[in-house]
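Residues per chain are reported as follows:
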Amino acid sequence: MARRESAAAGPGSRALVVDLIRSSGPISRVELVEATRLTQPTISNIVRRLIDDGVVRETGATVATGGKPRTLLVINSRSAYGVGIRVGADTMTCVVTDTRGGTIGRELVSSPPAEKPEDVVAQLAALYGDVTRGLGLSPQSVAGLAVVGPGPVDVARGRFLALPGLERWADLDLGQALATRLGVPVLVDSDAAAAAVGEFWGRQVSRERTFGCLYMNSGIGSGVVLDGALHRGASSNAGEIGHVSVIRDGERCRCGGRGCLELYAAPSALVERARSTPDLADRLGIRSDDPDSRAFDVLARAAIYGDGQARALVDESALLLADGALTLANLWDLDTLVLAGPGFAVAGSLYVSEIRRRLAERAFSRGVHAVEVDLSSNPRDAAAIGGAALVLQGSVAPGHGPQVTAPQT
């Protein structure tokens, strides 16, 4: 049940056509026939239905071929809107995107600890309502809402199993509770998985690419998109690269292992080391009551501007992340890797440079192809944008994305 969007199952013809128009458009019907190997009548029928449903539109432009001009097709960016909310330790970020992945609205709010499960639902519902009403979106135009946060997650039940600050509510069926309250489809997923889909969708990456995303926030995760679909694994918790052991007999991790990557390379680990380094935190202005996210931004900014001690900490993290990226690239034979998440917002260029160098020197398939490594254009909001992309993919390209269905009444 959790593997309903695996690449092996394959999308339907409609989903395949939508994905090709998304990544290749403007594109003609003849080119769709050539790319999909479906018959011309089949393509004509699918495209006609997509136009009738408002998902695809004709651009008005044509291509001269010596015969009848070919009309070009593109995704209709206003056919539907997706809403994504990233839940963090002390903040929530809500983003609304159009069908092509363009951000049309964003709001960041603090999220005080919830005393009761219904308080969590009320906070999320209020944020959703404020943003969609502020943008003037009708309920019918919203494809759905995805709430994303640190894993592990129970996607089938719509639950976070270990969300920071909400561990007591692991039994809360958040997806169903929100869907009932809001009257729209609601998905619950991991931030790393969402970021991978968001980067793939918004960058208009071809489904022929083997696409990976390395995500860093409070922890470290990853996602891989194969044949246009996110690889999920048996329980939709694939890609936990942060829990690959990098130090034999290292520190005990919350996952039960030892020496996990995120214990040594994630922002919280670097902030802890900065605070334990004599005079470093005071010199940089990192206060004892600062959240790790703010403290890491200060540390990363100091590294960028040449502080030797701060740079040494970030460089060590980058070296370890490069090992993680190498493992990811070798496992999946990636040809594209994007770095996303708040952890890359300030010093992302340092991480990109080290990962590029490591993959160029050691990637197993380097003699056959290079691995393109880029930084997200919006690393802080990548997971929230990805949440919106999850519901849009599941709505307009079912078969590639998760099932997006109306809430039960």
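Structure: see above.
Residue numbering note: each chain is counted from 1, following its sequence as written. The predicted origin of the model limits local features to residues at a pLDDT of at least 70 and limits the giving and counting of side-chain atom pairs to 80 or more, whereas totals for whole chains, interfaces and linings rest on all residues. Where side-chain values are given, they derive from all heavy atoms of the structure, hydrogens and water being excluded.

K.L.:
Sorry if this is basic, but what is going on with the pairing of strand β7 (residues 142-149) here?
P.N.:
Side chains on a regular strand alternate between the two faces of the sheet. Each residue gets one of three labels from its accessible area relative to the maximum for its type: buried under 20%, exposed over 50%, partly exposed in between, using a 1.4 Å probe on protein chains only. Helix and strand assignments follow DSSP, with helices taken as H or I runs no shorter than four residues and strands as E runs no shorter than two, numbered in order from the N terminus. Of all eight residues in β7, eight are buried; the element is thus mostly enclosed. Taken together, the six bridges between strand β4 (residues 81-87) and β7 define a ladder with parallel strand orientation. Directly across from I85, in β7, lies its bridge partner V147. In short, DSSP must find at least two bridges between two strands for them to pair. Relative to strand β10 (residues 186-190), β7 is paired through five bridges, and the arrangement is parallel. Note on β10: the bridge partner recorded for L145 is V186.

K.L.:
Whenever I open this one, the sheet that holds strand β5 (residues 91-97) confuses me. Can you help?
P.N.:
Sheets are built from strands paired through backbone hydrogen bonds, the pairs being either parallel or antiparallel. Taken in spatial order, the five strands make up an open sheet running β6-β5-β4-β7-β10, and their pairing is mixed. Strands with a single pairing partner mark the edges of an open sheet, and in this sheet they are β6 (103-110) and β10. Within the sheet, the average angular offset between the axes of one strand and its neighbour, ignoring direction, is 20 degrees. Throughout, a residue-residue contact means that at least one pair of heavy atoms, one from each residue, lies within 4.5 Å. To get an axis, fit a line to the C-alpha atoms, keeping to the stretch in contact for a helix; angles then go from 0 to 180 degrees between the N-to-C directions. Packing against the sheet, helix α13 (residues 382-396) makes contact with β4, β5, β6, β7 and β10, and its axis sits at approximately 140 degrees to β4.

K.L.:
Just to check I follow, could you spell out the packing of helix α1 (residues 13-24) against helix α3 (residues 40-52) for this structure?
P.N.:
At a closest axis distance of 10 Å, the pairing of α1 and α3 adopts a crossing angle of 75 degrees. Considering their axes alone, α1 and α3 lie roughly perpendicular with respect to each other. On the side of α1, the interface is formed by S13, R14, V17 and V18, while α3 contributes I43, I46 and L50. Residues are grouped as follows: nonpolar covers Ala, Val, Leu, Ile, Met, Phe, Trp, Tyr, Cys and Pro; charged covers Asp, Glu, Lys and Arg; every other residue, Gly included, is treated as polar. Among the residues making up the contact of α1 with α3, the classes are represented as five nonpolar, one polar and one charged. Roughly parallel here means an angle under 35 degrees, roughly antiparallel means over 145, roughly perpendicular means 65 to 115, and every remaining angle is called oblique.

K.L.:
Would you explain unusual backbone geometry in this entry?
P.N.:
Backbone phi values are negative for most residues with the exception of glycine, while trans is the configuration of most peptide bonds. The amide bond that connects G151 to the next residue, P152, takes the cis arrangement and shows omega of 5 degrees. By the secondary structure assignment, P152 is in the loop between β7 and β8 (153-154). Residues other than glycine seldom take positive phi values, yet Q204 does so here, at roughly 55 degrees. Examined against the element boundaries, Q204 turns out to sit in the loop between α6 (191-202) and β11 (211-216).

K.L.:
Is there a simple way to think about the layout of surface pockets in this case?
P.N.:
Empty pockets left among the atoms are what a rolling probe the size of a water molecule brings to light. In this analysis the probe radius is 1.4 Å and the grid spacing 1 Å, with only protein atoms considered; a cavity is a set of points the probe fits into but cannot get out of, a pocket is an open set with protein on both sides within 12 Å along at least five of seven lines, and lining residues have an atom within 4 Å of a point. Grid points are joined across faces, edges and corners, and a volume is the space filled by probe spheres set on the points. Within this model, the largest pocket holds a volume of roughly 1100 Å³. Taken together, 47 residues make up the lining of the largest pocket; nearest its centre are N217, S218, G219, D292 and S293. Looking at the lining of the largest pocket, the elements with two or more residues in it are β4, β5, β6, α6, β12 (220-226), α7 (261-265), α8 (267-276) and α10 (292-304). Classifying every residue of the lining of the largest pocket gives 18 nonpolar, 12 polar and 17 charged.

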